[in-house]
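Chain residues, written in single-letter form:
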Amino acid sequence: MSGRMKRWDIWSLITFVIFVGYLVFLALPLFMLLIKSFFDSNTGDFSLAYFHKFFSKAYYMNAVWNSIKVTVSVTLLSILVAGPLAYIMTIARIKGSAAVRILILISSMSAPFIGAYAWILLLGRSGVITAFMSRVFGFTMPDVYGFSGILLVLTLQLSPLIFMYVSGALKNVDNSLMEAAESMNCTGLRKMWKILVPLITPTLLAGGLLVFMRAFADFGTPMLIGEGYRTVPVLIFNEFISEVGGDDGFAAAISVIVVLFAVAVFLLQKYVANRKSYSMSALNPIEPKKLKGWANLAAHAYVYLFTVLALMPQVYVAYTSFLKTSGKIFVDGYSLDSYRAAFSKVGDAIYNTFMMASITIVIITLAAVLIAYVTVKRKGAGANVLDTFTMLPYIVPGSILGIALLVTFNKEPLVLSGTAVILIVAFVIRRLPYTIRSSAAVLHQVNDSIEEAAISLGASTLRTFFKITVPMMISGVFAGAIISWISIITELSTSIILYTGKTRTMTVAVYTEVVRGNYGVAAALSTLLTVITVLSLLLFFKLSGKKEVTM
Amino acid sequence: MSVAISFKNIVKKYGDTTVIPELSLNIQKGEFFTLLGPSGCGKTTLLRMVAGFNSIEGGDLGFNDKVMNNVPPGKRNIGMVFQNYAIFPHLSVSENVAFGLENRKVGKEERQRRVAEILDTVQIEIYKNRMPKNLSGGQQQRVALARAIVINPDVLLMDEPLSNLDAQLRVDMRNAIKRIQREVGITTVYVTHDQEEAMAVSDRIAVMKSGIIQQVGTPRDIYQRPANLFVATFIGRTNVMDAKLERGAGGSMVLRVGNSYSLEVPGLQEELLSAATAEVKVSVRPEEFVLAGDGAGLPGTVVNNVFLGLNTHLVVALENGQEVEVIQQSASTQAVEIGQQVTLAILPESVNVYDQSGERNLNRGIRL
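Residues numbered from 1 in each chain as written. Chains lettered and ligands numbered in written order. Predicted model: local features only at pLDDT ≥ 70, side-chain atom pairs only at ≥ 80, totals over all residues. Heavy atoms only, no water.

- Within an unreviewed UniProt entry, the label attached to chain B reads Iron(III) transport system ATP-binding protein, and the organism entered is Paenibacillus silagei.

- Looking at an unreviewed UniProt entry, one finds chain A named Iron(III) transport system permease protein and attributed to Paenibacillus silagei.
- Looking at chain A in UniProt, the text filed under Sequence similarities (unreviewed entry) is "Belongs to the binding-protein-dependent transport system permease family." (UniProt positions renumbered as here; feature names shortened; annotations may be inferred.)

## Some thoughts on the pairing of strand β2 (residues 17-27) of chain B
Side-chain direction in a regular strand flips from residue to residue, so the side chains alternate between the two faces of the sheet.
Residue and element names in this part refer to chain B.
Here is step 1: Sheet topology places strand β1 (residues 5-14) next to β2; seven bridges connect them, and they run antiparallel. In the sheet register, K13 faces β2, and the bridge partner there is T18.
Here is step 2: Between β1 and β2, which pair antiparallel one after the other, the connecting turn spans two residues, and G15 there sits at a positive phi close to 65 degrees. (Pairing = 2+ DSSP bridges. Helix = DSSP H or I, 4+ residues; strand = E, 2+ residues; numbered from the N terminus.)

## Some remarks on the pairing of strand β2 (residues 329-334) of chain A
Residue and element names in this part refer to chain A.
Here is step 1: Burial analysis of β2 places just zero of its six residues in the buried class, a small minority of the element.
Here is step 2: Direction of pairing for strand β1 (residues 323-326) relative to β2: antiparallel, over a ladder of four bridges. Pairing of L323 across the sheet is with Y334, part of β2.
Here is step 3: Between β1 and β2, which pair antiparallel one after the other, the connecting turn spans two residues, and G327 there sits at a positive phi close to 65 degrees. (Buried < 20%, exposed > 50% of the residue type's maximum accessible area, 1.4 Å probe, protein only.)

## What about the sheet that holds strand β13 (residues 261-264) of chain B?
Residues and elements named next belong to chain B.
Here is step 1: Spatial ordering of the open sheet is given by β13-β12-β11-β14-β20, a layout of five strands whose pairing is antiparallel. A strand with exactly one partner marks an edge of an open sheet, and here the two such strands are β13 and β20 (352-354). Strand after strand, the sheet turns through a mean of 35 degrees between neighbouring axes, direction not considered.
Here is step 2: With three bridges connecting them, strand β14 (residues 277-284) and β20 associate as antiparallel partners. If you follow S283 over to β20, its bridge partner there is N352. (Axes fitted to C-alpha atoms, helices over the stretch in contact; angles between N-to-C directions.)

## What to know about the nonpolar core
Here is step 1: Counting 251 residues, the largest nonpolar core has B:I5 and B:F7 as the members making the most contacts within it.
Here is step 2: Broken down by element, the residue count for this core peaks at 17 residues, all from helix α14 (residues 337-377) of chain A.
Here is step 3: B:L255, B:Y261, B:L268 and B:I346 belong to the second largest nonpolar core, which has 29 residues in total. (Core = buried A, V, L, I, M, F, W, Y, C linked by side-chain atoms within 4.5 Å.)

## Examining the domain arrangement of chain B
Residues and elements named next belong to chain B.
Here is step 1: When the domains of chain B are assigned, the result is domain 1 (5-232) and domain 2 (233-355).
Here is step 2: Contacts between domain 1 and domain 2 engage 18 residues on the former and 15 residues on the latter.
Here is step 3: When domain 1 packs against domain 2, the two sides together hide about 1,300 Å² of surface, and 56% of this comes from carbon and sulfur.
Here is step 4: Joining domain 1 to domain 2, the criterion identifies zero salt bridges.
Here is step 5: Our count for the contact surface shared by domain 1 and domain 2 stands at 16 residue pairs in polar contact (both at pLDDT 80 or more).
Here is step 6: Those elements giving two or more residues to the side of domain 1 that touches domain 2 turn out to be α6 (195-201), α7 (219-224) and α8 (229-234).
Here is step 7: At four residues, α8 tops the list of elements feeding residues into the side of domain 1 that touches domain 2.
Here is step 8: Tallied by class, the residues present in the side of domain 1 that touches domain 2 amount to 12 nonpolar, five polar and one charged. (Domains from an automatic or database assignment. Contact = heavy atoms within 4.5 Å. Buried area = accessible area lost by both parts, 1.4 Å probe. Salt bridge = Lys/Arg side-chain N within 4 Å of Asp/Glu carboxyl O. Polar contact = N/O pair within 3.5 Å; in protein donor to acceptor, adjacent residues only side chain to side chain. Nonpolar A, V, L, I, M, F, W, Y, C, P; charged D, E, K, R; others polar.)

## As for the environment of A:K467
Here is step 1: Tracing the backbone through its elements, the reader meets A:K467 in helix α19 (residues 461-489).
Here is step 2: Between the C-alpha atoms of A:K467 and A:P112, which are 355 residues apart in sequence, the distance is 41 Å.
Here is step 3: The residues contacting A:K467, other than those within four sequence positions of it, are B:H90 and B:F99.

## Section: the environment of A:I532
All names here are of chain A.
Here is step 1: Its place among the elements puts I532 in helix α22 (residues 519-544).
Here is step 2: Owing to a relative accessible area of 16%, I532 belongs among the buried residues under this scheme.
Here is step 3: Taking C-alpha positions, I532 is 20 Å from I363, a pair spaced 169 residues apart along the chain.
Here is step 4: Discounting chain neighbours no more than four positions away, the residues touching I532 are F354, W485 and I489.

## Some words on the packing of α14(A) against α22(A)
Residue and element names in this part refer to chain A.
Here is step 1: For the pair α14 and α22, the least separation of the axes is 9 Å and the interaxial angle reads 50 degrees. Viewed along their axes, α14 and α22 adopt a mutual orientation that is oblique. For the element pair α14 and α22, the recorded crossing hand is right-handed. Residues S338, Y339, A341, A342, F343, V346, I350 and F354 of α14 form the contact with α22, whose participating residues are G520, V521, A524, L525, T527, L528 and I532.
Here is step 2: Of the residues contributing to the contact of α14 with α22, the split by class is 12 nonpolar, three polar and no charged. (Parallel < 35°, antiparallel > 145°, perpendicular 65-115°, else oblique. Left-handed = near helix turned anticlockwise from the far one by under 90°.)

## Examining the confidence of the model for chain B
Here is step 1: In the predicted model, chain B carries a mean pLDDT of 89, and the fraction of residues at 70 or more is 98%.
Here is step 2: Scored as a complex, the prediction yields pTM 0.79 and ipTM 0.78. (pLDDT = per-residue confidence, 0-100.)

## Here we look at the interface of chain A and chain B
Here is step 1: Taken together, the 22 residues of chain A in the interface contact 28 residues of chain B.
Here is step 2: Here chain A meets chain B over a buried area of about 2,200 Å², counting both sides, of which 62% is carbon and sulfur.
Here is step 3: Scanning the region where chain A abuts chain B turns up two salt bridges.
Here is step 4: A salt bridge links A:E452 to B:R48, with the nearest nitrogen and oxygen atoms 2.7 Å apart.
Here is step 5: There are eight residue pairs in polar contact (both at pLDDT 80 or more) connecting chain A and chain B.
Here is step 6: Contributing elements (two or more residues each) for the side of chain A that touches chain B: α18 (448-456) and α19 of chain A.
Here is step 7: The dominant element in the side of chain A that touches chain B, judged by the number of residues it contributes, is α18(A), at seven residues.
Here is step 8: Of the residues contributing to the side of chain A that touches chain B, the split by class is 11 nonpolar, six polar and five charged.

## Topic: the side chain of A:S108
Residue and element names in this part refer to chain A.
Here is step 1: With respect to the element layout, S108 can be found in helix α4 (residues 97-108).
Here is step 2: By relative accessible area, which is 5% here, S108 ends up buried.
Here is step 3: A polar contact of 2.7 Å, which involves the side chain of S108, links it to the backbone oxygen of L105.
Here is step 4: Beyond its immediate chain neighbours, meaning those up to four positions away, S108 contacts Q157, P160 and M164.

## Points about unusual backbone geometry
Here is step 1: Unusually for a residue other than glycine, A:E227 sits at a positive phi of about 45 degrees.
Here is step 2: The topology assignment puts A:E227 in the loop between α10 (220-225) and α11 (232-241).
Here is step 3: Of note, the phi angle at B:A86 is positive, near 50 degrees, even though the residue is not glycine.

## Brief notes about the UniProt feature "domain: ABC transporter" (unreviewed entry) in chain B
Here is step 1: Within the UniProt annotation, "domain: ABC transporter" (unreviewed entry) is assigned to residues 5-235 of chain B.
Here is step 2: Here residues 5-235 of chain B runs as 36% helix and 26% strand, with 25 Å between its end C-alpha atoms.

## Notes on the sheet that holds strand β4 (residues 58-63) of chain B
Residues and elements named next belong to chain B.
Here is step 1: What the four strands build is an open sheet, ordered β2-β1-β4-β5; its pairing is antiparallel. Edge positions in the sheet fall to β2 and β5 (66-67), since each of these pairs with one other strand and no more.
Here is step 2: On the sheet, helix α1 (residues 43-51) packs against β1, β2 and β4 and is oriented at approximately 115 degrees with respect to β1.

## Comments concerning the packing of aromatic side chains
Here is step 1: Counted according to the given criterion, the structure contains 34 aromatic pairs over all chains.
Here is step 2: Ring centres 6.1 Å apart and planes at 20 degrees place the aromatic pair A:F54 and A:Y60 in the stacked group. Of the two residues, A:F54 and A:Y60, both sit in the buried class.
Here is step 3: On the numbers, 5.2 Å between centres and 75 degrees between planes, the contact of A:F465 with A:F466 is edge-to-face.
Here is step 4: Overall, the relative accessible area of 53% leaves A:F466 in the exposed class.
Here is step 5: Grouped by ring-pair contacts, the aromatic residues A:Y50, A:F54, A:F55, A:Y59, A:Y60 and A:F250 constitute a single cluster.
Here is step 6: In this structure, A:R230 is placed above the aromatic ring of A:Y59, and the distance from its NZ or CZ to the ring centre is 3.9 Å.
Here is step 7: Directly above the ring of B:Y223 sits B:R285, whose terminal nitrogen or CZ lies 3.9 Å from the centroid. (Phe/Tyr/Trp six-rings, centres within 6.5 Å; stacked < 30°, edge-to-face > 60°. Lys NZ or Arg CZ within 6 Å of the ring centre and 35° of its normal.)

Have a look at this one:
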């Protein structure tokens, strides 16, 4: 009913408080970044020098070109790899398909840079596969560093997202549409091209955007496996962090350009997707059928090969974590030395990760419940602005948010730099959307009349919310919170900007150990992260009763 | 305590669109009152205004002369049954029913007693510990009803409560609702688009169209003396025919239907006739036709007959080509074959005569 009574109540206050939170911790930092980019950091005068510098030097334009090359290639390749994968899994009966789905999901949940370092161990100059191939076959493997390495790692890491999106969409395609097409003599590839592809195009665009944004913002992968292949996040990091001649203002200018570019891509995607969207729900979904002969074999081979490749990094890293080490190198035999070293050397990182992630998740849970409620059930101007705010972290790369927070809160009146607070703020803002979306999805299912029933029975607004609404949305909230949790403990690009010696996280520790060549400790920490991720996912499956995750 | 509900020039607007223009209506204390109309007629809007979920843009809504316009829903002491029941899925049957009592700070013992009592009234006491998802539609309906009346509301509001049930259960439940309402004696406002359901449960019915009340009356009034052609066609089935009304000998009113049939109709408001003859519309319900044999009547040909046990439904094509529906008691008549010529007489005391526009019933004693 559009005639809902609008009253100034406790919800208006809550909306206002959340709104102020977003203004202070998201809008203000981004605005400060904008200011910084237009004013010379030494003289304080208005200047376009940073932008001029960026656009006039081939060195910087080269990084932009690299980033676009990587991002577009990764997005297209992910669609090409994962689209057919989802299609095969939908139409063909694959042995162990439930397990395959979960394994693919797990592979997508790890930090990308762990994949990068694992592939260096496997395919790098002294990687085990490289060594094996040259020893046994005398064959020199192609170079895995630079563009091709980044492409390999990010495609394997991000194509599961496309897989999950497309699988979800295919599940909503009613089989009768396929049968109707067949009855009109539209079969095989023609049927797929004419019916199926248009139906899942909006989903491909949404998934593609997600992959695009992640590939674009990823910092750890090009840093580790790129070996001098500079992408924009690497550039920003170097300009900002670099001990010699780093320049905040210039980093801010690049950040502004990146955010504008990301917003443009986002709006373009939204525009195209809106024009092509259909609402579907299948009464009669497509049933997987057992394929025959070569087709069956090929389908199985494709699915299994992808799963193995996607999981390879994590499995190999876990394996190396049990190897005996001597100094920095692995030697024959097995031991738990790496774990002992991990706990003694970087125990604080483990503690920090858990402490900060736990506080973050409590804040996220509370905020998500309230925001989801405001945006779903209290439609209005305030709710729409709030909705836009919650979408921003999808567009703003983590490292840029980190820089924005740092330049804003490193001086009076609010000094947060170097504290755990600033990391928690960054985590909350970046990972809140997962929980909001999951909570909102449940809330959309709750009919307005449930609340009206409670109110008509004399319950106050707050009592209705806590006794009726919250218990009904709690499964969605927890499910979303677990996904937020996983993405917090595996996040690198913000923490690497914001951490100090006292607030180092596990991912930062893994990254620094890898850079130092301390592979044993890095492997032990990565494995620990993987184990926590898998356990959290199992909890998620149990709580949500689902075998899929919406990102 | 039951209350009387008064609507005085009530206006509802959504933005610039007026959905209900100046509506006035009085509902008696303890009455089972139904708002009936096609979808979009404003009946649910009106109900939600009584509940307090919709704002009121003009006029006064009163419970026993106390103006309720700005009283929030929770303070109106209403019980509401929603179309989708709105049972709290995470609470058991008895917790659902106890919810309103808890909000009213009713003590634990009294709460338990009243919940048990009401569950007994609606006959679901054996399910009191079940969760809603383990209940059938009819059982959920009873929980919703129990939850709404256990708080002793001043008014019971029901928004299409039976529309999600299958046909047989609908009939059972409407009897149950009527029985329970009579037992507890609460003023009840009931919204439905199903005219049969409205007739079955209501003391009085308001027929609505486009936010305007067309007629208020008992089910019998509304069926037998519809105020206008909209009500006549919306409630039950009827045949509308063109006819001429003339002044006959001795001041009686004579209705001419077709080429040859005329009948004297008593109880018409002749003062409404300006000319000697007037074009009118007549509404004849299928059961108000009589097969006249050799007597006077409208000649026609049977084009279809459907035997339904108790009744036989005939479709008869008249001389001018219009097809009319006729219902005959199966037992009272010989079987009538398709193609057979018949003569249809109209019962003069049942027929309703309307002016040419169909806006106005010319019979005397129409209660608006």
